Amino acid sequence: MIGTGYVGLVTGTCFAESGNQVTCLDIDEEKVAGLNDGVIPIYEPGLTELVKRNHAAGRLKFTTHPDGAIPDAKCVFIGVGTPQGDDGRANLSALFGCVETIASRIKEDAIVVIKSTVPVGTNRKVAAKLKELTGRDVDVASNPEFLKEGAAVDDFTKPDRVVVGTVRDEVTEVLHELYRPFLRTERPFLSMGWESAEMTKYVANCLLATKISFINEMANLCERVGADVNSVRRGIGHDQRIGFSFLFPGVGYGGSCFPKDVRALMAVAEDTGMTSRILAAVDEVNDAQKTVLFEKVKAQLGEKLSGKTIGVWGLAFKPRTDDIREAPALVLIDSLLKAGATVQVHDPVAEANVKAIYGDKLIYGEHHYDAARDADLLCICTEWNEFRNPDFDYLKHAMAAPVILDGRNLFDPAEMAERGFTYEGIGLSANG
Ligand SMILES: NC(=O)c1ccc[n+]([C@@H]2O[C@H](COP(=O)([O-])OP(=O)(O)OC[C@H]3O[C@@H](n4cnc5c(N)ncnc54)[C@H](O)[C@@H]3O)[C@@H](O)[C@H]2O)c1
Ligand SMILES: O=c1ccn([C@@H]2O[C@H](COP(=O)(O)OP(=O)(O)O[C@H]3O[C@H](CO)[C@@H](O)[C@H](O)[C@H]3O)[C@@H](O)[C@H]2O)c(=O)[nH]1
């Protein structure tokens, strides 16, 4: 397994847990040294125990030396990052770097499996590159990953489906065998061509991102017309063609996947001479949604925020992760700091990652009540469970003014009014 990030470490560990011998290779020496000492570099529920158990059992190894990982492998998975490049396209330099590393070491009948999210056409290019470097046809398979951060182990071990793109049935069969332990509850193993597998990953993420931007736009409209988006959600969700999932309005989607994958698919379309107007709108609506809380802050406190103290609950792009990549909270924090506010923050696990960027520009509360203490206003950016049931009396007295702007709709506006708070969510209305 090349790459020990969210995808590589979870995949490698889960394959070890199902009895395979797995060696994880990464260029980050500190990360690998830590993993060999039982230090897990990311916060992901359930992962630490699994890594430690399989490492202790000798089924899971970590190395920075390609020779210690590749020559014996039957399958070489690539799970390195494919971040957004300057032009919006996926940057494949790490991935093709791996291809070079693999080519000189891979054994004759091994399969190279691309797990990273890659633009359509990449598997074909990797196969051509391997042929150029090795002088023979190396088996290449696309195996996109659909896990969500914060639920990664569960998603990997109980997938809704496994998708593989191959050009040879024998390769499909090896991968089916590998995934069989995770497909015991009749979950489908779907085999298709390279391009379809690559496209499946982007289409899944882009449809989910589209749902979020759609409901965010509708929530903003609800707010203007006095409707309540939660009532509307109930009104539409029971229609089985619509459903309830991924229709929670908020401060925009973040993370390392949706923003970059929407832009990467737009670039794929552009390369064919087509403009994806829907994806352009999804991206634009999301960027705008990340500014909604700041607009609400200004509506409450005015344009200039010097002398004002703002509390922020939640920094991670979603709960149960320490990942802050493209997190909406950071967009808000940047605007607050620029307007001169003193910003007090709290996140149950992502604070260290934020501190590494902002240092002493922010005040870090040990407890979420600390971030609200003496604040003129409190913003909620991530729906951590521990924020859902605060002691409202305590909070009201701890704050300089009882004003909450909730980017995740945790509370009921009518109840909040009764508790004596000025409270606004995203598309909520006291009219119900
Ligand atoms: N994070 C997710 O939830 C998720 C889910 C599904 C798919 N994906 C996709 O999976 C891929 C990986 O994402 P991630 O979030 O795990 O990334 P990540 O940034 O967390 O981890 C990538 C790892 O690869 C290592 N690396 C980079 N170049 C290397 C090289 N040449 N050799 C060995 N190691 C190298 C890095 O040191 C790092 O540890 C991306 O394409 C992403 O779009 C991510
Ligand atoms: O109704 C919703 C659902 C999600 N979000 C936001 O959307 C973002 C992404 O959330 P989620 O999808 O849960 O997290 P990721 O870990 O980014 O997972 C997505 O991206 C991964 C990487 O490609 C895929 O593998 C997963 O299937 C896909 O869900 C977060 O900022 C959420 O707050 C909303 O605003 N409203």
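Up top is the structure.
Rules used throughout
- Residues numbered from 1 in each chain as written.
- Chains lettered and ligands numbered in written order.
- Predicted model: local features only at pLDDT ≥ 70, side-chain atom pairs only at ≥ 80, totals over all residues.
- Heavy atoms only, no water.
- Near = heavy atom within 4 Å.
- Polar contact = N/O pair within 3.5 Å; in protein donor to acceptor, adjacent residues only side chain to side chain.
- Areas by Shrake-Rupley, 256 points an atom, 1.4 Å probe, with all protein chains shown as cover.
- Helix = DSSP H or I, 4+ residues; strand = E, 2+ residues; numbered from the N terminus.
- Nonpolar A, V, L, I, M, F, W, Y, C, P; charged D, E, K, R; others polar.
- Domains from an automatic or database assignment.
- Buried < 20%, exposed > 50% of the residue type's maximum accessible area, 1.4 Å probe, protein only.
- Pairing = 2+ DSSP bridges.
- Salt bridge = Lys/Arg side-chain N within 4 Å of Asp/Glu carboxyl O.
- Contact = heavy atoms within 4.5 Å.

Looking at this structure, I do not really get the site of ligand 1. What am I missing?
Not every one of the 27 residues close to ligand 1 is listed here, only the nearest: Asp 26, Lys 31, Thr 82, Glu 149 and Lys 260. Between ligand 1 and Ile 27, the relevant distance is 3.5 Å, taken from a nitrogen atom to a main-chain nitrogen or oxygen of the residue. Between ligand 1 and Lys 260 there is a distance of 2.6 Å, counted from an oxygen atom to a side-chain nitrogen or oxygen. Coverage of ligand 1 by the protein chains reaches 86% of its 830 Å² of free accessible surface. Mapped onto the shell around ligand 1, the elements with two or more residues apiece are helix H1 (6–17) and helix H4 (93–103). Among the residues making up the shell around ligand 1, the classes are represented as 10 nonpolar, nine polar and eight charged. Here the shell around ligand 1 gathers at least three residues from each of two domains, domain 1 (6–192) and domain 2 (202–288).

What am I meant to see in the environment of Glu 326 here?
Within the secondary structure, Glu 326 sits in the loop between strand S8 (309–313) and helix H13 (328–338). The exposure class of Glu 326 is partly exposed, given its relative accessible area of 34%. Sequence separation between Glu 326 and Leu 315 is 11 residues; the distance between their C-alpha atoms is 10 Å.

Can you walk me through the site of ligand 2 in this structure?
Taken together, 19 residues sit near ligand 2, with Phe 146, Leu 147, Lys 201, Asn 205 and Cys 257 positioned nearest. Contact distances for ligand 2 include 2.7 Å between an oxygen atom and a backbone N or O atom of Phe 146. Contact with the protein chains removes 91% of the 700 Å² of surface that ligand 2 exposes when unbound. At the level of elements, helix H8 (194–225) and helix H10 (258–271) are the ones that each hand at least two residues to the shell around ligand 2. In terms of residues, the shell around ligand 2 owes the most to one element, H8, which gives three residues. In terms of residue class, the shell around ligand 2 is built from 10 nonpolar, two polar and seven charged.

It is not clear to me how the sheet that holds strand S9 (residues 342–346) should be interpreted in this structure. Could you clarify?
Strands in a sheet are paired, the pairing made by backbone hydrogen bonds, and the direction either parallel or antiparallel. Taken in spatial order, the six strands of this open sheet run S10-S9-S8-S11-S12-S13, and their pairing is parallel. The sheet terminates laterally at strand S10 (363–364) and strand S13 (422–424), the two strands that pair on one side only. Alignment of strand S11 (residues 377–380) against strand S12 (residues 403–406), held across three bridges, turns out to be parallel. In the strand pairing of S12, Cys 379 is matched with Leu 405.

Could you clarify how one ought to interpret the pattern of salt bridges in this entry?
Close approach of charged atoms lets side chains of opposite charge pair. Enumeration over the complete set of coordinates arrives at 32 salt bridges. In this structure, the salt-bridge partner of Asp 139 is Arg 168, at a minimum N-O distance of 2.8 Å. Here the residue Asp 139 occupies a position in strand S5 (residues 139–142), and Arg 168 occupies one in the loop between strand S6 (162–165) and helix H7 (169–179), the gap between them amounting to 29 residues. Between Arg 180 and Glu 177 there is a salt bridge, and its shortest N-O distance comes to 3.2 Å. On the basis of relative accessible area, Arg 180 is assigned to the partly exposed category, the value being 36%. Where salt bridges share partners, they join Arg 263, Asp 283, Asp 287, Lys 290 and Glu 326 into one cluster.

I keep staring at the environment of Val 138 and nothing clicks. Help me out?
Mapped onto the secondary structure, Val 138 falls in the loop between helix H5 (122–134) and S5. In this structure the C-alpha to C-alpha distance between Val 138 and Glu 418, which are 280 residues apart in sequence, comes to 67 Å. Leaving out residues up to four positions away in the same chain, Val 138 has contacts with Ile 106, Ala 110, Val 112 and Leu 130.

Note that every value here comes from positions in space, so none of it alone points to a role or purpose.
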